[in-house]
Amino acid sequence: MTPPIRIAITGPAGQIGYALLFRIASGQMFGQDQPIILQLIEIPTEKAMKTLEGVAMELDDCAFPLLQQMILTSDPAVGFKDANWCCLVGAKPRGPGMERADLLKDNGKIFVEQGKLIDCVAAADARVVVVGNPANTNAMIAASQAKRLTPDRFTAMVRLDENRAKTQLAKKANAPLTAVSDLYIFGNHSPTMFPAFHLAKIHGKPAPDVITDTQWLRGPFCDTVGKRGTAIIAARGASSAASAANALVDHIRDLITPGKIHSIAVKSNGEYNFDPDVWAGLPVQTTTTGNYEILKNLPMDDFAHQKITATNAELIAERDIVKSMLA
Ligand code: NAX
């Protein structure tokens, strides 16, 4: 029998956690032949740990054959121990009247601590995926703490944005979702991101040849994708959860499937004029399990350059706010 892999997850008692854990335990992330151990890390409050216990009871009640063990802990050193994958979902939400800079600093502290610990105690092949916002900058902070694990091991999730963008193009073109390909997210997981429609294909044809309404592509399309999170909150009264969990399943599954091309936020090395030290959404191709290469030299027009300049400026501004936390 294949030995189990250890998956550490922060924020498992939250809403994304509730949508995520059952999908992982059922084999949708790592496949139907891969047993798993879930290492679930919550904050040390009675409420969070009690909720987590309830979630674990439900996981027990699913009798998932692949789920070999669960570790429930409020000690990150225990939770990250020997983890092969670390999914950093937990973060402080932005409270009423809270400035973005304060959120960056408060959450930054969490990712300093977690980056250090993961580097000390996780498995030699550990990979880290950050979901907690501001995801790109949090991944940069965590990576900066690591001496053993190289920066390429730390990625942040922009796959929800890719999935959102593909669906909007399919709807506009009245085409099935499977007809849309080559749509990648460049930049920050925030409204400044650039869903690069000029590279996308619909039924194998350039998307702008199928959807000829350039104003729609540049305006409402980019806005809808960029502000989708806010629209979900307005409609549902809570932020995206099931779709975010689904995107994390997609992110990791594609990262362990050689040949897959997909959008993840990674350390830029200056590709597409991103600052070399920010974590930017970019298209990558998975080479071997957990490893990838950034797709380089895709064509960019003036509009794309403008969008990338704006999202890069935001990433640099975020980095400036947390500068003192970077090791
Ligand atoms: P919830 O507030 O429902 O849950 C967060 C959970 O994390 C809570 O149970 C909390 O106790 C826990 N937590 C907080 N700090 C922790 C720490 N230091 N260690 C361990 N656990 C900790 O939020 P949820 O809706 O699940 O969202 C989680 C994060 O995902 C938020 O930061 C949110 O902004 C972010 N998102 C990121 C997305 C992306 O595409 N990158 C999309 C969805 C989501 O908005």
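Scroll up to find the structure.
Note that the structure is predicted; figures quoted are calculated from it, not measured.

Rules and cut-offs
What you see as residue numbers is a count from 1 along each chain, following the sequence as written. Residues qualify for local features only when their pLDDT is at least 70, as the model is predicted, and side-chain atom pairs are given and counted only at 80 or more; totals for whole chains, interfaces and linings, by contrast, use all residues. For the side-chain quantities, the full set of heavy atoms in the structure was used; hydrogens and water were omitted. Under the DSSP-based scheme used, a helix requires at least four consecutive residues in state H or I and a strand at least two consecutive residues in state E, with every element numbered from the N terminus. By nonpolar core we mean a set of buried residues, namely Ala, Val, Leu, Ile, Met, Phe, Trp, Tyr and Cys, connected to one another through side-chain atoms within 4.5 Å. Remark: exposure states derive from per-residue accessible area (1.4 Å probe, protein chains only) relative to the maximum for the residue type, with buried under 20%, exposed over 50%, and partly exposed in between. For this analysis, residues touch if any pair of their heavy atoms sits within 4.5 Å. Each pair of strands is called paired provided DSSP finds at least two bridges between the two strands. Each salt bridge in this description consists of a side-chain nitrogen of Lys or Arg and a carboxyl oxygen of Asp or Glu lying within 4 Å of one another.

At the junction of Asn133 and Pro134, the peptide bond is cis and its omega measures out at -5° in the coordinates. Topologically, Pro134 is positioned in the loop between β5 (127–130) and α5 (135–144). One non-glycine residue, Tyr272, adopts positive backbone phi at about 55°. Position of Tyr272 among the secondary structure elements: in the loop between β12 (261–267) and β13 (279–286).

Within the largest apolar cluster, 106 residues are counted, with the highest numbers of intra-cluster contacts made by Ile7, Ile9, Phe186 and Leu248. Residue contributions to this core peak at seven residues, all from helix α10 (residues 242–255). Every residue in contact with Ile7, bar those within four places of it in the chain, is listed here: Ile24, Phe30, Ile36, Ile37, Leu38, Gln39, Trp85 and Cys87.

Within a sheet, neighbouring strands are paired by backbone hydrogen bonds and run either parallel or antiparallel to one another. In spatial order, the strands read β7-β10-β11; together these three strands make up an open sheet with antiparallel pairing. Each edge of the sheet is formed by a strand with only one pairing partner; in this case those strands are β7 (180–181) and β11 (205–206). As defined by bridge partners, β7 adjoins strand β10 (residues 201–202) across two bridges and the pair is classed as antiparallel. Residue pairing in the sheet places Ser181 in a bridge with Lys201 of β10.

One pass over the full model with this rule turns up 12 salt bridges. A salt bridge links Arg253 to Asp250; the nearest nitrogen and oxygen atoms lie 3.2 Å apart. Placement of the pair is Arg253 and Asp250 together in helix α10, with a separation of three residues, close to one helical turn. On the basis of relative accessibility, which here comes to 10%, the residue Asp250 falls in the buried class. One network of salt bridges, with partners in common, ties together Arg159, Glu162, Lys166, Asp250, Arg253 and Asp254.

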